[in-house]
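# Notes for the structure review
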Amino acid sequence: MNRVEVKINNDSNNLINYDILVEKGIISKTGELVKNILKGTRALIVTDDIVAKLYADTVKESLEKENIITSVCVLENGEANKNIETISNIYSHLAKNELSRKDIIIALGGGVVGDMAGYAAATWMRGIDFVQIPTTLLACVDSSVGGKTGINIKEGKNLVGAFHSPKLVIIDSNTLLSLPKREFNSGMAEVIKHALLFDDALLELIEANCNNNSNLDMDFVLKRNCELKARIVEIDYKEQKERMFLNFGHTIGHSVENAAGYGVLFHGEAVAIGMVYAIEYGIKKGITKDKNLLERTKKILSKFSLPISVPENINLKDAVKLDKKRSDDKINFVFLESIAKPYVDKVNIEDIINE
């Protein structure tokens, strides 16, 4: 079993300590793993209508085998459902099934399910424990690690949320086999992002296997990505400095994703566009020194059928101005000087838009 230990000191100087476990078939061991951390007797599985058909019974049976009273809340799949109404639905299930502060929520699904289940856990009775079981590549390497939870409102993505770390992350790489190719490729955008930010060797490994994904050791890729993100989260839990690096590609990416309409572009596709835009912008400003980086990045992204330019029908101006990282007329923007050398600078919003 591949294990990544996460140790975070929060603002109250309390240690947040949890494990990320990566192993083929581990989802069937959920019950015995959850039993070790559960203080109460009940669990609510939060999943969506697609994932429920694939894995909900396996997880529920595993929990019930350990005498954990288990109920299931099935949500409608899709980013458009990551909203206040869906959170209210989760609260209703928690109340109906009498989950107390000692009980636990299990997020079974992709990033949307993880964000909503995590936010429900952060706010139900002022905070209860939860476990992440991500079933998409994007959720495995990004949203399940780090403790960010949230929902969307009509004015923008993730504008409502809380920091609430899981007690455990269970990653079964076999779940990735059921992903549509487009969704797998979307997740690879975040894998590529982490490699560009922190690990040239990982980027070279991806490049060497671009034409044949079956040659990629996904357990290694998953573990390495979780290690990279976990180390950043450990030193900067509340995104005051180093964690800002993880927003590489996200300023423009979130704007494009928001402007296109929820679900039109996958998150990873929008981030791919944002990364290319950030490198181009960095070259124009003289920050990105590696002039080969742009073409190298475009080539890797294109191998995974990811978009590399802002769609012509999207106007970024209003969407960028809504970005939650904005301060007055400036925004923190993540550049790459070169591979594994990220750099954050405050830039004028108008400067970004006019590039």
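Structure shown above.
For the structure given in this document, a descriptive report is provided here.

Rules behind the numbers
- By convention here, each chain's residues receive numbers from 1 onward along its written sequence.
- Predicted model: local features are reported for residues with pLDDT of at least 70 only, side-chain atom pairs are reported and counted for 80 or more only, and whole-chain, interface and lining totals are derived from all residues.
- Water and hydrogen atoms play no part in the side-chain values, which are based on all heavy atoms of the structure.
- Think of it this way: any DSSP run of H or I at least four residues long counts as a helix, any run of E at least two long counts as a strand, and we number them from the N terminus.
- Here, expected helix span is obtained from the residue count minus one, scaled by 1.5 Å.
- Exposure classes here rest on a 1.4 Å probe applied to the protein chains alone. A residue is buried below 20% of its type maximum, exposed above 50%, and partly exposed in between.
- Two rings from Phe, Tyr or Trp (for Trp, the six-membered ring) form a pair when their centres are within 6.5 Å of each other. A pair whose planes differ by under 30 degrees is stacked, one over 60 is edge-to-face, and the rest are tilted.
- Any two residues whose heavy atoms approach within 4.5 Å are treated as being in contact.
- Two strands pair if DSSP finds at least two bridges between them.
- The axes used here are C-alpha line fits, helices contributing only the stretch in contact, and every angle between their N-to-C directions lies in the interval 0 to 180 degrees.
- The criterion is simple. A nonpolar core is a set of buried Ala, Val, Leu, Ile, Met, Phe, Trp, Tyr and Cys residues joined through side-chain atoms within 4.5 Å.
- With respect to orientation, any angle under 35 degrees is reported as roughly parallel, any angle over 145 as roughly antiparallel, any angle of 65 to 115 as roughly perpendicular, and every other angle as oblique.
- Should the near helix be turned anticlockwise from the far one by less than a right angle, the crossing is left-handed, and should it be turned clockwise, the crossing is right-handed.
- One side-chain nitrogen of Lys or Arg within 4 Å of one carboxyl oxygen of Asp or Glu is enough to make a salt bridge.
- A pair of sulfur atoms, both from cysteines and within 2.5 Å, is called a disulfide here.

## Quick notes on helix H2 (residues 51–65)
The end-to-end C-alpha distance of H2 is 21 Å, a good match for the 21 Å that 15 residues give at a rise of 1.5 Å each. Residues of H2 that are buried: Val-51, Ala-52, Tyr-55, Ala-56, Val-59, Ser-62 and Leu-63. Downstream of H2 by a residue or two, Asn-67 has a phi angle that is positive, lying close to 65°.

## Considerations on the packing of aromatic side chains
The tally for this structure, following the rule as stated, stands at four aromatic pairs. Note on Tyr-91 and Trp-124: the rings are 6.2 Å apart at their centroids and 25° apart in plane angle, and the pair reads as stacked. With Tyr-91 in helix H3 (residues 84–96) and Trp-124 in the loop between helix H4 (111–123) and strand E6 (129–134), this residue pair connects regions lying 33 residues apart in the sequence. In this structure Tyr-91 comes out as partly exposed when scored by relative accessible area, which is 24%. With a centroid separation of 5.4 Å and an interplanar angle of 45°, the aromatic rings of Tyr-281 and Phe-335 are classed as tilted. One end of the pair, Tyr-281, is in helix H10 (residues 267–285); the other, Phe-335, is in strand E11 (residues 330–338), with 54 residues separating them in the sequence. Each member of the pair, Tyr-281 as well as Phe-335, is classed as buried. An aromatic cluster of at least three residues, connected via ring pairs, comprises Tyr-281, Phe-333 and Phe-335.

## Examining the side chain of Thr-288
Mapped onto the elements of the fold, Thr-288 is located in the loop between H10 and helix H11 (293–303). For Thr-288, the residues in contact, after removing those within four places along its chain, are Ile-279, Gly-282, Ile-283, Leu-293, Leu-336 and Glu-337.

## Here's the deal with the sheet that holds E6
Taking strand neighbours across the sheet as the criterion, the seven strands line up as E1-E2-E9-E6-E5-E3-E4 in an open arrangement whose pairing is mixed. Unpaired on one side and paired on the other, strand E1 (2–9) and strand E4 (69–75) mark the two borders of the sheet. With strand direction ignored, the average angle separating the axes of adjacent strands in the sheet is 15°. Bridge count for strand E3 (residues 42–48) against E4 is seven bridges, and the pairing is parallel. Looking at E4, one finds that Val-46 is bridged to Cys-73. Across the sheet, H4 touches E3, E4, strand E5 (104–109) and E6, and the angle it forms with E5 is around 170°.

## Side note on the nonpolar core
Core analysis: the largest hydrophobic core is formed by 72 residues, its most contacted members being Ile-20, Leu-137, Leu-196, Ile-206 and Phe-248. Ranked by size, the runner-up nonpolar core spans 22 residues in total, among them Val-34, Val-51, Ile-68 and Leu-168.

## Observations concerning the packing of H3 against H4
As a packed pair, H3 and H4 sit with axes 10 Å apart at the nearest point and diverge in direction by 60°. Overall, the two elements H3 and H4 adopt an arrangement that is oblique. Two packed elements cross with a definite hand, and for H3 against H4 that hand is right-handed. Residues Thr-86, Ile-87, Ile-90 and Tyr-91 of H3 pack against Met-116, Ala-117, Tyr-119, Ala-120 and Thr-123 of H4.

## A short note on the pattern of salt bridges
Pairs can form between side chains of opposite charge once their charged atoms are near each other. Within the structure shown, the criterion is met by 21 salt bridges. Put simply, Glu-295 and Lys-298 hold a salt bridge, and the shortest N to O gap is 3.9 Å. Residue Glu-295 and its partner Lys-298 are located together in helix H11, separated by three residues, close to a single helical turn. Given a relative accessible area of 19%, Lys-298 falls into the buried group. Among the ionic contacts, a cluster of salt bridges with common partners joins Asp-199, Lys-223, Arg-224 and Glu-227.

## Description of unusual backbone geometry
Phi at Met-125 is positive, roughly 50°, even though this residue is not glycine. Considering the arrangement of structural elements, one finds Met-125 in the loop between H4 and E6. Given a relative accessible area of 37%, Met-125 falls into the partly exposed group. Here Ser-305, not a glycine, exhibits a phi torsion of approximately 55°, which is positive. Note on placement: Ser-305 falls in the loop between H11 and helix H12 (317–321).

## A look at the environment of Ile-287
Inspection of the secondary structure assignment puts Ile-287 in the loop between H10 and H11. Remark: the alpha-carbon pair of Ile-287 and Met-275, spanning 12 residues in sequence, is separated by 14 Å. Excluding residues that lie within four positions of it along the chain, Ile-287 makes contacts with Gly-282, Phe-335, Leu-336, Glu-337 and Tyr-343.

## Focus on the state of the cysteines
Evaluation of the coordinates by the stated rule reveals zero disulfides. With no disulfide of its own, Cys-140 lies 7.1 Å from the sulfur of Cys-226, the closest cysteine sulfur. Look at Cys-140 and you get buried, because its relative accessible area is 0%. You can call Cys-226 buried: its relative accessible area is 0%.

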